[in-house]
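Architecture and fold: a report
Spelled out from the first residue to the last, the chains are:
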Amino acid sequence: MAGTSATHRAPPDYDVVVVGAGFAGLYQLRRLREEGLSVIALEAGSGMGGIWHWNCYPGARVDSHVPLYEYSDEAVWRDWYWEERFPDWRALRRYFEHVDSRWDLRRDIRFDTRLCGAEWEEAGRTWRLTTNAGDSLRARFLVLCTGFAAKAYVPELPGLGDFKRAWYHTAHWPHEGIDLTGLRVGVIGTGASGVQVVQEAAKVAAAVAVFQRTPIMALAMQQRALTRTGQDAAKARYPEIFRRRTETNSGFDYPGSGESALAVSEAERQATYERLWRDGGFSFWAGGYSDLLIDEQSNRTAYDFWRDKVRARIHDPVTAEALAPMEPPHPFGVKRPSLEQTYYDVFNQDNVTLVELTRAPLERITPTGVRTSGGGHHLDLLVLATGFDAVTGGLTGIDIRGSRGTSLGEHWHRGVRTHLGLASHGFPNLVYLYGPQSPSGFCNGPTCAEVQGDWVVELISHLAQRGMTRIEATAEAEQGWRDKVHGIASMTLFPRADSWYMGANIPGKPREMLNWPGGLQQYMAECRLVAEGGYRGFALDGKGV
Ligand code: NA7
């Protein structure tokens, strides 16, 4: 058992330490403070916004629309205005400054401070935390809000170390920016980040080589400029909009038809798909037929519609087949679709080349470019849009030692184990938001931050009010939740693709569903049941551990 010396029985420095100052962390800080608890937030970056503090690569922009992608607090939205329906990283950074001006958060955030280690001290029932700044502090509760994309994935590319020109992962883009004008740019990866970089680079670069392993099924963003008057008029409906987003399965405002794609005529289906396509954003993915991600035949109707829309924009038939194959590489929407504005059009430009790594595998990075079996590509800049050790990487990257001295990484070595996607056995007084086996990847971020966040605040307040100092998920509850997650996932098409949803984008990572696949409504019901049952599946105050 870790840390039992009498010196550790002193009262903790804080009731709660929150880690991360993105949507989830800032919400925790504000709400827990309101409950009268002493709270501090640690943030590795020098500013607020979480992923939006780091994301500044060319074209970085959110794929979720506003006002859905913001806090529901009227004090924040009343006098906040966006310029676009899908804001870019600059607008999102301004938004977080605005949030701070309304919630007065900064005074309780330690910036440039990364949590390096956390050790459970049983005697005092506290976490002892150490940071890169050399601080050591003790907290009763530890709330990790590190986000689903805190750990960038840089694949082992032979020769990368020899590359003499500049290379960057999208998540580590220099904050001063890079002017792409006239450069020969290579982009490895065609996920959401790769699509955005390619669109921007294609505008100004001398040459853009896009190295594709799996074609992305990108949807039409249908970006729109937003006016102040339009937003003022809409604000009367905001409370209703924010309420509705907690009543859907995706945390957005898509009504969902409840109908199978196969239950309607071909003409009706095509009309529905056209409408969803025109709506833009994730409508086509999350707002359509209910069996899209369950039934292969139904899924195929959506794929074919998507494929034909995309192919109609690409002049060269070989490129069209590579970007939108006649036969789907995997079912539609089981890898996260991204949103595009000009992605498919830029491949008609002379300065953009698609390199199919499945046909011409990457052999090595040379000092001046990338060599595939099909030939060499000279580059001035190589962009790794290769994604993240998503969902778990941000948590396992911190050396967290629980009551049995094991780390979270060790606990999850053979697969993730959580109760409600919020807590783990052997890690008392520790919760993580947006974590594995929670709705995270399948839910609009701010919705999840508030829904899960409120539950966590209630839990901690419940304990504090009763003078309880210890809570720990039981091993049985973890097993039950894991079985539920995997049981639901096995009824879906998600296991059919090697996605980050399945942990399958990282070599050696256990292949398993990493998100709660049962929809937000059932998740909320499960969380409610647990709380109403006196926090079922948790041992309170050390009883029953
Ligand atoms: P993603 O969606 O994980 O995309 C990563 C891309 O990088 C994807 O196309 C991968 O191909 C590709 N990749 C990864 N490793 C390699 C190697 N070794 N060689 C070639 N290509 C590779 O990350 P993003 O940053 O775009 O988006 C992450 C999330 O952020 C996104 O889902 C949104 O929620 C926002 P693959 O498909 O695996 O064949």
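Residues numbered from 1 in each chain as written. Predicted model: local features only at pLDDT ≥ 70, side-chain atom pairs only at ≥ 80, totals over all residues. Heavy atoms only, no water.

Regarding the sheet that holds strand β12 (residues 352–356)
Spatial strand order, β7-β16-β8-β9-β12: 5 strands in an open sheet with parallel pairing. Each edge of the open sheet carries a strand with a single partner, namely β7 (166–169) and β12. Each neighbouring strand pair of the sheet contributes to a mean axis angle of 15 degrees, computed without reference to strand direction. (Pairing = 2+ DSSP bridges. Helix = DSSP H or I, 4+ residues; strand = E, 2+ residues; numbered from the N terminus. Axes fitted to C-alpha atoms, helices over the stretch in contact; angles between N-to-C directions.)

Considerations on the domain arrangement of the protein
When its domains are assigned, the protein resolves into domain 1 (2–48 + 105–151 + 397–479 + 522–541) and domain 2 (161–228 + 262–384). Each of domain 1 and domain 2 has a C-alpha centre, and the two are 36 Å apart. (Domains from an automatic or database assignment.)

Some words on the nonpolar core
It is characteristic of soluble globular proteins that their nonpolar side chains tend to be buried jointly. Core analysis: the biggest nonpolar cluster contains 129 residues, and F284, W306, F332, W455 and F538 have the highest contact counts within it. Inspection of this core shows a minimum of three residues originating in each of domain 1 (2–48 + 105–151 + 397–479 + 522–541) and domain 2 (161–228 + 262–384). Not counting residues within four places of it along the chain, the set of residues in contact with F332 comprises M217, L219, F284, W285, L292, L293, N299, A302, Y303 and W306. (Core = buried A, V, L, I, M, F, W, Y, C linked by side-chain atoms within 4.5 Å. Buried < 20%, exposed > 50% of the residue type's maximum accessible area, 1.4 Å probe, protein only. Contact = heavy atoms within 4.5 Å.)

Some remarks on the site of the ligand
Taken together, 19 residues form the shell around the ligand, and within it A192, S193, R213, T214 and K335 come nearest. Measuring from an oxygen atom of the ligand, one finds a side-chain N or O atom of R336 at 3.0 Å. Take A385: an N or O atom from its main chain is 3.2 Å from an oxygen atom of the ligand. Protein contacts shield 85% of the accessible area of the ligand, which totals 770 Å² for the unbound molecule. (Near = heavy atom within 4 Å. Polar contact = N/O pair within 3.5 Å; in protein donor to acceptor, adjacent residues only side chain to side chain. Areas by Shrake-Rupley, 256 points an atom, 1.4 Å probe, with all protein chains shown as cover.)

Structural notes on the packing of aromatic side chains
In total, this model carries 43 aromatic pairs according to the counting rule given. Where F23 meets Y71, the ring centres are 5.0 Å apart and the plane angle is 65 degrees; that geometry is what we call edge-to-face. Of this pair, F23 sits in helix α1 (residues 23–34) while Y71 sits in the loop between α2 (51–54) and α3 (74–77), and the two are 48 residues apart along the sequence. Geometrically, the ring pair formed by Y273 and F284 is tilted, given 5.2 Å between the ring centres and 55 degrees between the ring planes. (Phe/Tyr/Trp six-rings, centres within 6.5 Å; stacked < 30°, edge-to-face > 60°.)

Looking at the pairing of strand β1 (residues 14–19)
In terms of burial, β1 is a largely internal element, 5 of the 6 residues being buried. Bridge analysis of β1 against strand β6 (residues 136–144) gives 5 bridges, and the strand direction is parallel. When the bridges of β6 are listed, V16 appears paired with F141. With 4 bridges connecting them, β1 and strand β2 (residues 39–42) associate as parallel partners. The residue of β2 that forms the bridge with V16 is V39. A crossover connection joins β1 to the parallel β2 through α1; in handedness this β-α-β unit is right-handed. (Right-handed = clockwise from strand over helix to strand, strands pointing away.)

Examining the pattern of salt bridges
Taken as a whole and judged by the stated rule, the model has 47 salt bridges. The salt bridge involving R31 is made with E35; its shortest N-O contact spans 3.6 Å. Measuring nitrogen to oxygen at the nearest pair gives 3.2 Å for the salt bridge that ties R245 to E450. With R245 in helix α7 (residues 238–245) and E450 in helix α15 (residues 445–465), this residue pair connects regions lying 205 residues apart in the sequence. You'll find R245 and E450 in the same group, each marked buried. Through salt bridges with shared partners, one network takes in R300, D304, R307, D308 and E327. (Salt bridge = Lys/Arg side-chain N within 4 Å of Asp/Glu carboxyl O.)

Overview of the environment of R404
The residue R404 is located in the loop between β17 (399–401) and α14 (408–411) in this model. In this structure R404 comes out as partly exposed when scored by relative accessible area, which is 49%. Here R404 is in contact with H411, H425 and G426, once residues within four sequence places are set aside.

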